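# Summary of the model geometry
What follows is each chain in one-letter form.
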Amino acid sequence: MEKLLELLEQDCTMSTAQLAAAAGVPEAEAKAAIKKYEDERVILGYQAIIDWDRVRKETVTALIEVNVTPQSIDGFDRIAERIYQYDEVESMYLMSGSFDLAIIISGRTLREVAMFVGDRLSTIQGVTGTATHFILRKYKEKHLVFRPQEPEEREYIFV
Amino acid sequence: MNYDNILNEKIQGIKPSGIRKFFDILEEMTDAISLGIGEPDFVTPWHIRDAGIYSLERGHTKYTSNAGMLQLRREIAAYLNRRFDLQYDYNGQILVTVGGSEAIDLALRVLVNPGDEVIVPVPSFVCYGPLAEMAGGVPKYIELKAEDQFRLTPEQLRAAITDKTKVLVLPFPSNPTGGIMERRDLEAIAEVLRGTDIMVISDEIYAELTYGQRHVSLANLTDMYERTVVVNGFSKSHAMTGWRMGYVCAPKPIIAAMTKLHQFGIMSAPTTSQYAAVEAMRNGDGDIEHMREEYDRRRRYLVENLNRIGLSCFEPKGAFYVFPDIRSTGLTSEEFCERFLMEEKVAVIPGNAFGPGGEGFVRACYAASMKDIAESIARMDNFLANLRRKQGREG
């Protein structure tokens, strides 16, 4: 059934019938498996990947390195939770290497992002330092390349 | 000038394909879907493209040896051994060609004497008959049957053989039917060929695209190696159609003759493409598996749904085509395709374009996105429903 997950990861707009045929399982079985994955939160959700730069004038995404002092009982989890509860936080990961947490946040303006870091993030107890890197251009996300459709020169040959 | 008197008679006798008119219509259409072209929808894997680019950066812009770069021939020999258990000596048994098509052309030209008969099973890719004619041969067509899953049967072959038969073309896995020849089917063909001098051009360009079992080459069978010319290439297996990279393997005297012709007509296959092909052979097996798995998903979906909406379709086990039976609609293949294109804006190819045995069938290529395939099914369903309604009124 992992095949279903691979197919959904590629394109979650496929119908259950399509998924079932492509995975080579009966439709009812595919439907039940997907339901189970959803219930168990193996499948967290379904979202579109959007090139916002082509729609809005200004939109800002930043990657923030955060150093923290881990809490004694829950380690990094407790402090991570305090951070990711903010809606502004899009993604967050615990990292190996020179900093502890990587956070990706999106805002409408540079100011908005800077305010979040200064007013909210830095003041959380246990956060010892941050470094904000603004994303200048997105090239690729989840295997999808950010590039407008080039006009296609269609020439057909008979093969 | 009257060019009819100037042009070679044989080339004048060869009719251009009627398919062009469909493509002309298609090119004018917006939001049309094409399942018409037999070409992978994948771009060549990046590491292979990169190897081509790197060869240019390094300044590898000259001719290679006529037979193709030594390292490429070595890699091809290793690949054929690894994947299909075929043994060919890179030194004298392998020629790198400009696509599989050049290899087919060369093979026919070095084997056929004027008046020799070339047996061509149809429906099949359109090049064999015309190339056989240009080589001075006489194509003899065997009509493969849907009830045989478009396999060549020993009875059909035996009936087609005369004392003029020189070559049998064996085009499996098949474009357009998706049919394959399993080992037992080949054994039966080999039995007919044993004791004759008939040569076989085995076009194995889709060898990597079989589903459920590995492709078997005729050259693997007892006594068949000496009479088999194996044609293969990178177009379908590695999504490299535009690079024009093919190769052909055969006993040394045949490759020597083909190389002679190749050096006059072509000189050497494109150098950049050969460097890319080396990378494809060395590190491309994973790409093959990945693409085959993708095609397989689409294949299963398409076959299941064509049958569901009422077009009977045998399960194709090779290549990337389905070949549904449209006789229940009462339309000819061409009528079907023309109306389907005009009414629903989906291009599929009439089966009769691939020879007489293809009438009553259409070819749809599933080397297309799942989205396009799903949409095509919906449109096909609609088309058939409308057709039945109209026919009901008329009837």
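Quantities reported herein were computed from a predicted structural model and do not represent experimental measurements.

Rules used in this analysis
Residues numbered from 1 in each chain as written. Chains lettered and ligands numbered in written order. Predicted model: local features only at pLDDT ≥ 70, side-chain atom pairs only at ≥ 80, totals over all residues. Helix = DSSP H or I, 4+ residues; strand = E, 2+ residues; numbered from the N terminus. Rg over C-alpha atoms; globule rule 2.2 N^0.38 Å. Buried ≥ 20, exposed ≤ 12 C-beta atoms within 10 Å, placed from the backbone. Contact = placed C-beta atoms within 7 Å. Pairing = 2+ DSSP bridges. Axes fitted to C-alpha atoms, helices over the stretch in contact; angles between N-to-C directions. Nonpolar A, V, L, I, M, F, W, Y, C, P; charged D, E, K, R; others polar. Expected span 1.5 Å × (residues − 1). Arc of directions from axis to C-beta. Domains from an automatic or database assignment. pLDDT = per-residue confidence, 0-100.

## Structural notes on the overall build of chain A
Helix and strand content of chain A: five helices and six strands. From first element to last, N terminus to C terminus, chain A shows the α and β order α-α-α-β-α-β-β-α-β-β-β. For chain A, whose C-alpha radius of gyration is 21 Å, the value lies well above the compact-globule estimate of 15 Å for 159 residues. When each of the 159 residues of chain A is scored for burial, the buried share is 15%. Of all intrachain contacts in chain A linking residues separated by at least 6 positions in sequence, the fraction that spans at least 24 positions is 53%.

## Points about the overall build of chain B
Looking only at helices and strands, chain B features 14 helices and 12 strands. What you see for chain B is a C-alpha radius of gyration of 21 Å, in line with the 21 Å of a compact globule of 395 residues. When the 395 residues of chain B are sorted by exposure, 49% land in the buried category. Excluding contacts between residues fewer than 6 apart, the proportion of contacts in chain B whose partners are at least 24 apart in sequence is 75%.

## Here we look at the pairing of strand β4 (residues 138-143) of chain B
Sheet analysis places strand β3 (residues 117-122) of chain B next to β4 of chain B, joined by six bridges and oriented parallel. Paired with V122 of chain B across the two strands is E143 of chain B, which belongs to β4 of chain B.

## Describing the sheet that holds strand β3 (residues 101-107) of chain A
Residue and element names in this part refer to chain A. Spatial strand order, β2-β3-β1-β4: four strands in an open sheet with antiparallel pairing. At either end of the open sheet lies a strand with only one pairing partner, and these are β2 (89-94) and β4 (127-134). Sheet twist, expressed as the mean angle between neighbouring strand axes with direction ignored, is 20°.

## Things to note about the sheet that holds strand β11 (residues 349-350) of chain B
Residues and elements named next belong to chain B. The three strands lie next to each other as β9-β12-β11, forming an open sheet whose pairing is antiparallel. The outermost strands of the open sheet, each flanked by one partner alone, are β9 (321-322) and β11. In this structure, β11 lies alongside strand β12 (residues 362-365), joined through two bridges in antiparallel fashion. What sits directly across from I349, in β12, is R363.

## Concerning unusual backbone geometry
Residue and element names in this part refer to chain B. Following V122, the chain continues to P123 via a peptide bond in cis, the omega torsion being 0°. Of note, P123 is situated in the loop between β3 and α7 (128-134). With omega at -5°, the peptide bond leading from F172 into P173 counts as cis. Following the sequence through the fold, P173 ends up in the loop between β5 (165-170) and α9 (183-193).

## Thoughts on the interface of chain B and chain A
Facing 17 residues of chain B, the contacting portion of chain A comprises 11 residues. At the level of secondary structure, the elements contributing two or more residues to the side of chain B that touches chain A comprise α3 (20-28), α12 (285-308) and α14 (370-394) of chain B. With five residues, the single largest contributor to the side of chain B that touches chain A is α12 of chain B. Each residue belonging to the side of chain B that touches chain A can be placed in one class, and the counts come to seven nonpolar, five polar and five charged.

## Description of helix α6 (residues 99-111) of chain B
Residues and elements named next belong to chain B. Helix length check: α6 (13 residues) gives 19 Å between terminal C-alpha atoms against 18 Å at 1.5 Å per residue, within 8%. The element α6 is extensively covered by neighbouring structure, given that 12 of its 13 residues are classed as buried. Of all the residues in α6, the buried ones are G99, G100, S101, E102, A103, I104, D105, L106, A107, L108, V110 and L111.

## Digging into helix α13 (residues 333-344) of chain B
Residue and element names in this part refer to chain B. Counted at 1.5 Å a residue, the expected span for α13 with its 12 residues is 16 Å, and the 16 Å between its end C-alpha atoms agrees. Here α13 has its buried residues at S333, F336, C337, F340, L341 and E344. Buried positions in α13, seen along its axis, are confined to an arc of 120° and lie on one side of it. If you follow the buried residues of α13, they end up packed against α3, β10 (346-347), β11, β12 and α14. Among the residues trailing α13, K345 stands out with phi positive, at a value near 60°.

## Focus on the environment of I94 of chain B
Within the secondary structure, I94 of chain B is located in strand β2 (residues 94-97). With 76 residues separating them in the primary sequence, I94 of chain B and L170 of chain B have C-alpha atoms 19 Å apart.

## What about the domain arrangement of chain A?
According to the domain assignment, chain A consists of domain 1 (2-39) and domain 2 (52-137). Here the C-alpha centre of domain 2 of chain A lies 34 Å away from the C-alpha centre of domain 1 of chain A.

## Considerations on the confidence of the model for chain B
Averaged over every residue, the pLDDT of chain B is 96; the share at 70 or more is 100%. Both confidence scores are given for the complex: pTM 0.91, ipTM 0.77.

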